[in-house]
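Coordinate analysis (summary)
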Amino acid sequence: MILKGSILLLLLIICHDRIRRSIVTSVADAEYDYIVVGGGTTGAAVAGRLSENPNVKILVIEAGKSDEAYPKIRVPEFESLMFSDANWDFRTVPQKVAGQALVNKTERWPRGKILGGTSSMNHMIYHRGSPHDFDSWEDQGAKGWNWGNVEKYFVKAEGSQDPRLSPKLGRNGPLKLTKAYDRPIVDHIIEDAARELGINTTDYIESLEGFSKLVATIYRGLRINSIEAYLRDHFPDRKDRLHVLCESLATKVLFNITKNGPVAAGVEYIKDGETRQAYARKEVILSAGVIGTPHLLLLSGIGPEEHLNEHDIPVIVNSPGVGSNLKDHVRMQYYLYSDKFPEDYSMSRNEIDEADDEYILMGLGPLLNTRFTSYIHFRTNLSGTPYSASTKNRPFPEIQIGIHPMKVQLSDFSTVYDATTYKISDYADEVRKALIERNGVLTNLIMVVGLQHAKSSGSITLQSSDPLQPPLIDPAFFSNEDDVRVYVEGLRFVENLLETEKFKELNVKHVFQPYCNEFGNEPPRSTEYLECWLRQVATSEYHPCGTAKIGRESDPSAVVDERLRVRNVKHLRIADASVMPHEISGNPQGTCYMIAEKAADMIKQDWAE
């Protein structure tokens, strides 16, 4: 029997992983200099940088398994762990004012429960965002986090390995970066159409606004997560001072209560069904993520006093901002079809899965796919008006469009179309008609339109004082009507794109659209149509942030100071996306690494290391 395709590919990855040494510690010591809660994107990077000092001892506590338990994730195209135990399987509370697809329904919010966190399961897209994003952070009280201060930390993290990438990217950092899998036919079509609307081609590292190919955390054909970037290669030399504990759930920060206030002393966690403690001589650093970090703070008695009292949790610090200010990108998808696209323009799931030979033999082909090939970033005509999210009219792009060429056939329907958006049984006649008209293909181009800067804010709160119970997640999408107005202007761009000469030449059509027909379903469509449709189908882009934000001491919603120290507590710091005052204009992975680099530098400075 000959092993071929996916089986051979999986065996090769497993063999490669077995050659590498495991970085997982079976039993933790009682005391460390630093305890990092969360071995995800930011936590692993912080631990890696702190472990550069041979005189400190560090413990990383991770709730999930080692990334080595899921060898297939190393192949970029096989990134999805959404339906595995490597995902926390969080769900939102039913929404009240979001799209009809979410009203009175819950939505899945995937977060990585695995070493590397969400860097082990994301689309590997690397953005820096806009310099104006970080200047806006400082506007909101994040002193020292403007672009002039944070750019060097992006550079420090970056390890560009591709001469085609911008020279502004760092070349010597641990995070290996390359150009994503290229489909020039796709990009030329979108590029030409966008140019008709005044969108120029750019490199989004050089200048974010415009049409740009994307940068990916891929190297030598494999995903680079935070573990590969910051821990694994160094572990053999640091194993005596760097301990990584997996399948261990942190349940509480331990405090010493002194006359000068609470001092973080350690962490309580559950391992193998047993409650254990580890103590920190210097600091506890929370990197449990946008959901996990506020949840742990609340369980530990740091949060809104009234909310803690409701759950009979002793109040250590009354911090009203813990769990508030939840921000997220909102997305909706245009499913398009053309019978004039070249045959190799897009591939079906089956065609991608059958590309193993090219990947195994040459490290090339569709298995290097990040799903997206390029992005468009732009400002709407409401930028700089009171509808804008910027308090000082910072000109950051409000809309991001991801270009995702893919043939979607009936067998792909359940995985590609969101279950909350379209139910195939409800529209069986439309699906059958589409399959007949399009030779079995429902769509061969997806454009994901994302609102980058929402005014709406949600929350993370407790449903129980039991640490095994997940928190309540309420993104509160569209609770501010200005978001709808700005988003509709972003959708109008896609409507205009459909009317360009390039799209008309290729007979590009918006397909399978069962909603809001009472407003007219042929482009260019009305504001009433776009608003109706938006409210029907918009959903999370899974880029949450802000639930323990940086801010001024006078701001009651600020949880940490500009050095990421939890206010009114000593020796407790936060380093993850929860400290972001608001979203960036793009995917947040790169910003998480920047936060880690800056946090590690500040910790070393504060302890004179």
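Analysis parameters
Residues numbered from 1 in each chain as written. Predicted model: local features only at pLDDT ≥ 70, side-chain atom pairs only at ≥ 80, totals over all residues. Heavy atoms only, no water. Helix = DSSP H or I, 4+ residues; strand = E, 2+ residues; numbered from the N terminus. Buried < 20%, exposed > 50% of the residue type's maximum accessible area, 1.4 Å probe, protein only. Contact = heavy atoms within 4.5 Å. Areas by Shrake-Rupley, 256 points an atom, 1.4 Å probe, with all protein chains shown as cover. Pairing = 2+ DSSP bridges. Salt bridge = Lys/Arg side-chain N within 4 Å of Asp/Glu carboxyl O. Disulfide = S-S within 2.5 Å. Core = buried A, V, L, I, M, F, W, Y, C linked by side-chain atoms within 4.5 Å.

1. Concerning the overall build of the chain
- When helices and strands are counted, the chain shows 17 helices and 28 strands.
- In the chain, which comprises 609 residues, the share counted as buried stands at 62%.
- When contacts within the chain are restricted to residue pairs at least 6 apart in sequence, those whose partners lie at least 24 apart make up 74%.
- With an accessible surface of roughly 23,300 Å², the chain has 48% of that area assigned to carbon and sulfur atoms.

2. Comments concerning helix 2 (residues 41-50)
- Of all 10 residues in helix 2, 10 are buried; the element is thus mostly enclosed.
- When we look at burial in helix 2, the residues that qualify are Thr 41, Thr 42, Gly 43, Ala 44, Ala 45, Val 46, Ala 47, Gly 48, Arg 49 and Leu 50.

3. Here's the deal with helix 16 (residues 527-537)
- With eight of its 11 residues buried, helix 16 lies for the most part within the structure.
- By the burial criterion, the buried members of helix 16 are Tyr 529, Leu 530, Cys 532, Trp 533, Leu 534, Arg 535, Gln 536 and Val 537.
- Against strand 18 (330-337), helix 14 (481-498), strand 26 (509-510) and strand 27 (539-540) lie the buried residues of helix 16.

4. Side note on the sheet that holds strand 7 (residues 175-179)
- The mixed open sheet is built from four strands, whose spatial order is 5-9-7-6. Every other strand in the sheet has two partners, leaving strand 5 (125-126) and strand 6 (158-160) as the edge strands with one partner each.
- Looking at chain direction, strand 7 and strand 9 (residues 215-216) are connected through two bridges and run antiparallel. What sits directly across from Thr 178, in strand 9, is Ala 216.

5. Regarding the pattern of salt bridges
- Following the criterion strictly, the structure yields 35 salt bridges and no others.
- In this structure, Glu 31 and Arg 281 form a salt bridge, with 2.9 Å as the shortest nitrogen-oxygen distance. Separated by 250 residues along the polypeptide, Glu 31 in strand 1 (residues 31-37) and Arg 281 in strand 15 (residues 274-286) bring together distant segments of the chain.
- You can call Glu 31 partly exposed: its relative accessible area is 39%.
- Salt-bridge contacts for Asp 272 lead to Arg 276; the nearest nitrogen and oxygen are separated by 3.9 Å.
- Salt bridges here are not isolated pairs; linked through shared partners, they connect Asp 67, Glu 68, Arg 74, Glu 228 and Arg 232.

6. Examining the side chain of Asp 139
- Assignment of secondary structure puts Asp 139 in helix 3 (residues 131-139).
- A relative accessible area of 14% means that Asp 139 is categorised as buried.
- Setting aside chain neighbours within four positions, we find Asp 139 in contact with Thr 391, Lys 392, Arg 394 and Arg 552.

7. A short note on the state of the cysteines
- Following the criterion strictly, the structure yields one disulfide and no others.
- Left unpaired, Cys 545 is separated from the closest cysteine sulfur, that of Cys 592, by 9.0 Å.
- Residue Cys 545 is classed as buried on the basis of its relative accessible area of 2%.

8. Structural notes on the nonpolar core
- Trp 145, Tyr 334, Ile 401, Tyr 487, Trp 533, Leu 564 and Leu 572 are the most contacted members of the largest nonpolar core, which totals 159 residues.
- If one sorts the elements of this core by residue count, helix 14 sits on top with nine residues.
- Discounting residues that sit within four places of it in the chain, Trp 145 has contacts with Phe 134, Trp 137, Glu 138, Val 150, Ile 550, Glu 562, Leu 564, Met 594, Ile 595, Lys 598 and Met 602.
- Residues Ile 73, Ala 86, Ile 114 and Met 121 belong to the second largest nonpolar core, which totals six residues.

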